[in-house]
Amino acid sequence: MPHGVLSDYHLDNHFLKGNIMGLDMYLSAKRYLWDTNKNDKVLSEEIDKILEESDYIKEGALGRTKWITREAFYWRKAYAIHHWFVENVQDGDDDCEEYYVDREKLKELLETLKQALTDHDILPCQDDDTEWHFDHIKATISALEKLLSENLDQWDFYYQSSW
């Protein structure tokens, strides 16, 4: 996988704005490691070996590693984008639970964000900092374009927020 595809994309100006608490948002990429796939099995065994050698777990104390998770994107106080996820992925429930996001929804978000750059009523800014709002939109567009252009068919995506 090319470097940076599932890297952290942080727009973390909250310290500059003097805010410490608020909305944190995560798009995670998860992949199951099949024990019938040679490469997956080797990767699982390597992860297990590292965990055992670093005393995170005792040898044989737990089963094999079956999932790997990467942070695909992180937002801080991107209220309009969070609202989009609540309405379009979470069925209106703003409950900080983890929700599966299929690629079609990610494409829909990408198109919505592109439209929001010219039509500010699509995702209205929910505070006084419109520059920060549009920085979030632009960075998310860039990340989603890169993410959706890669062959990540074996990865599932999940959204979760924390207040």
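Below, the structure is looked at part by part. Nothing here was measured: the structure is a model prediction, and the numbers come from that model.

**What about the nonpolar core?**
Here comes step 1: Residues Leu 27, Trp 75, Phe 85, Leu 113 and Phe 157 are the most contacted members of the largest nonpolar core, which totals 33 residues.
Here comes step 2: Secondary-structure elements contributing two or more residues to this core are strand S1 (24-32), strand S2 (67-76), helix H2 (79-88), strand S3 (99-101), helix H3 (103-116), helix H4 (130-149) and strand S4 (156-162).
Here comes step 3: Top contributing element to this core by residue count: H4, with six residues.
Here comes step 4: If sequence neighbours within four positions are ignored, Trp 75 has contacts with Leu 23, Asp 24, Met 25, Tyr 26, Leu 27, Ile 81, Phe 85, His 136, Thr 140 and Tyr 159.

**Notes on unusual backbone geometry**
Here comes step 1: Although it is not a glycine, Asp 55 adopts a positive phi angle of roughly 65°.
Here comes step 2: Of note, Asp 55 is situated in the loop between helix H1 (38-53) and S2.
Here comes step 3: With relative accessibility at 69%, the residue Asp 55 sits in the exposed group.
Here comes step 4: Of note in the backbone geometry, Cys 96 takes a positive phi value of approximately 60° without being a glycine.
Here comes step 5: Within the fold, Cys 96 resides in the loop between H2 and S3.
Here comes step 6: On the basis of relative accessibility, which here comes to 24%, the residue Cys 96 falls in the partly exposed class.

**Digging into the environment of Phe 157**
Here comes step 1: Assignment of secondary structure puts Phe 157 in strand S4.
Here comes step 2: A sequence separation of 58 residues divides Phe 157 from Tyr 99, and the C-alpha atoms of the two residues are 8.4 Å apart.

**Section: empty space enclosed by the protein**
Here comes step 1: Enumeration according to the criterion identifies two cavities of 30 Å³ or more in this entry.
Here comes step 2: One number sums up the size of the largest cavity: a volume of about 90 Å³.
Here comes step 3: Forming the boundary of the largest cavity are 13 residues, of which Lys 77, Ala 78, Tyr 79, His 133 and His 136 lie nearest the centre.
Here comes step 4: Secondary structure elements with two or more residues in the lining of the largest cavity: H2 and H4.
Here comes step 5: With four residues, the single largest contributor to the lining of the largest cavity is H4.
Here comes step 6: Partitioned by chemical class, the residues of the lining of the largest cavity number seven nonpolar, three polar and three charged.
Here comes step 7: Empty space within the second largest cavity amounts to approximately 40 Å³.

Conventions used here
- Residues numbered from 1 in each chain as written.
- Predicted model: local features only at pLDDT ≥ 70, side-chain atom pairs only at ≥ 80, totals over all residues.
- Heavy atoms only, no water.
- Core = buried A, V, L, I, M, F, W, Y, C linked by side-chain atoms within 4.5 Å.
- Buried < 20%, exposed > 50% of the residue type's maximum accessible area, 1.4 Å probe, protein only.
- Helix = DSSP H or I, 4+ residues; strand = E, 2+ residues; numbered from the N terminus.
- Contact = heavy atoms within 4.5 Å.
- 1 Å grid on protein atoms, 1.4 Å probe; cavity = no way out; pocket = protein on both sides within 12 Å on 5 of 7 lines; lining within 4 Å.
- Points joined across faces, edges and corners; volume = space filled by probe spheres on them.
- Nonpolar A, V, L, I, M, F, W, Y, C, P; charged D, E, K, R; others polar.

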